[in-house]
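Topology and contacts: notes
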Amino acid sequence: MARSSSGIVAGLTAAAVAVVGFLGYQASATAPVRPPKAAVQEPAPAASPAAKQDPAKPAAVPEGSGTGVRVVYSVGQKRVWLVGDPAQPPKSFAVMPSTVHPKPGSYAVGSRSGSVTGSDGVPIEHVVRFATAEGVAVGFSARTDGALPEPDPNKKTGGIRMSRADGDAMWAFATIASKVVVVP
């Protein structure tokens, strides 16, 4: 009798673990656009002159970044392009790179989180992870306080930060398995 009871318990435990795993995946894939209890958005700090773009003349998507629907991240330009419908110009915005950079190449979004605490200890939202470099997960995110400070150069962090509005756009655009192209 003890063996059949332990077999039933083991089977129920395995089934429960599978259900919890599925529900966790489903929750991360369908997290709300704006997580609950988000702080009131403060105005973004003024961008540096190099980061400002004339809205009438958006920055061109870097050559050699591939074709088709994709996110393009230029480490050197500190800029991202969301390249979608060919009939529409891509959305482009400045970002604050992390201290750890992925190598140039093509990646796929592997995981997303609606809201978590970043590796720098700051609450962040709309986390879109696509690479690992130097043992650190690398992805796009927005601080819930709206700030875009330079990262601490003494810490290995992988968060490529953007404004909350740009984080909303990234979250809507870059779902699981979306293509991310990193260029120098």
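For the structure given in this document, a descriptive report is provided here. (Residues numbered from 1 in each chain as written. Predicted model: local features only at pLDDT ≥ 70, side-chain atom pairs only at ≥ 80, totals over all residues. Heavy atoms only, no water.)

1. Details of the side chain of R161
To keep it simple, the criterion reads: Secondary structure follows DSSP: runs of H or I at least 4 residues long count as helices, runs of E at least 2 residues long count as strands, and numbering of each begins at the N terminus. Only protein chains enter the area calculation, which uses a 1.4 Å probe; residues under 20% of their type maximum are buried, those over 50% are exposed, and those in between are partly exposed. Any pair of nitrogen or oxygen atoms within 3.5 Å is treated as a polar contact; in protein, a donor-acceptor pairing is required on top of that, and neighbouring residues in sequence qualify only through side-chain atoms on both sides. Contact definition: two residues touch when any of their heavy atoms are within 4.5 Å.
Locating R161 in the fold gives a position in strand β8 (residues 159-161). Residue classification places R161 among the buried positions, given a relative accessible area of 9%. For R161, the side chain forms a polar contact with the side chain of S141, separated by 2.8 Å. Residue contacts for R161: discarding those within four places in its chain leaves V95, M96, G118, D120, I124, S141, R143 and L148.

2. Considering the packing of aromatic side chains
Put simply, the rule reads: Stacked, tilted and edge-to-face are the three classes applied to pairs of Phe, Tyr and Trp rings, where Trp contributes its six-membered ring and a pair requires centres within 6.5 Å; stacked means planes under 30 degrees apart, edge-to-face means over 60, and tilted covers the rest.
Applying the stated rule across the entire model yields 3 aromatic pairs. Here the aromatic rings of Y73 and F140 are separated by 5.8 Å at their centres, their planes lie at 85°, and the arrangement is edge-to-face. Taken together, the residues span a long stretch of sequence, with Y73 in strand β1 (residues 70-74) and F140 in strand β7 (residues 136-143) at a distance of 67 residues. Exposure class is identical for Y73 and F140. Each is buried.

3. Let's talk about the pairing of β7
Basically, it comes down to this: Pairing between two strands is assigned when DSSP locates at least 2 bridges connecting them.
Of all 8 residues in β7, 7 are buried; the element is thus mostly enclosed. Where strand β6 (residues 123-133) hands over to β7, the hairpin turn is made up of 2 residues, of which E134 adopts a positive phi near 55°. Sheet analysis places β7 next to β8, joined by 3 bridges and oriented parallel. Bridged to G139 within β8 is G159.

4. Some remarks on the environment of P89
Looking at where P89 falls in the secondary structure, it is placed in the loop between β2 (79-83) and β3 (91-94). Measuring from C-alpha to C-alpha, the distance between P89 and A60 comes to 9.5 Å, with 29 residues separating the pair along the chain.

5. Side note on the sheet that holds β2
To keep things clear, this is the line we draw: Simply put, an axis is a line fit to the C-alpha atoms, just over the touching stretch for a helix, and the angle between two N-to-C directions goes from 0 to 180 degrees.
A sheet is described by the order of its strands in space; here 5 strands give the open sequence β3-β2-β1-β9-β4, paired in mixed fashion. Edge strands, defined here as strands with exactly one partner in the open sheet, are β3 and β4 (105-108). Across the sheet, the mean angle from the axis of one strand to that of its neighbour is 20°, orientation sign disregarded. When β4 meets strand β9 (residues 179-183), the two strands line up antiparallel, connected through 4 bridges. Across the sheet, Y107 pairs through a bridge with V180, a residue of β9.

6. Regarding the nonpolar core
Operational definition: What makes a nonpolar core is a set of buried Ala, Val, Leu, Ile, Met, Phe, Trp, Tyr and Cys residues whose side-chain atoms join them at distances within 4.5 Å.
In terms of nonpolar packing, the biggest core is built from 24 residues, with V71, V80, F130, F140 and M170 touching the most fellow members. For this core, the secondary-structure elements that each account for two or more residues are β1, β2, β6, β7, α2 (164-173) and β9. Apart from the residues within four sequence positions on either side, F140 is in contact with V71, Y73, V80, H126, V127, V128, F130, I160, M162, M170 and V180. Of all hydrophobic cores here, the second largest spans 6 residues; its members include A59, W81, V83 and V183.

7. So, the sheet that holds β8
The mixed open sheet is built from 4 strands, whose spatial order is β5-β6-β7-β8. One side of each edge strand has no neighbouring strand; the edge strands of this open sheet are β5 (111-117) and β8. The mean inter-strand angle of the sheet, taken between neighbouring strand axes irrespective of direction, is 35°. As judged from the 7 bridges shared by β6 and β7, these two strands associate in the antiparallel manner. The partner of A131 across the bridge, within β7, is V138. Here α2 sits on the sheet in contact with β5, β6 and β7, set at roughly 55° to β6.

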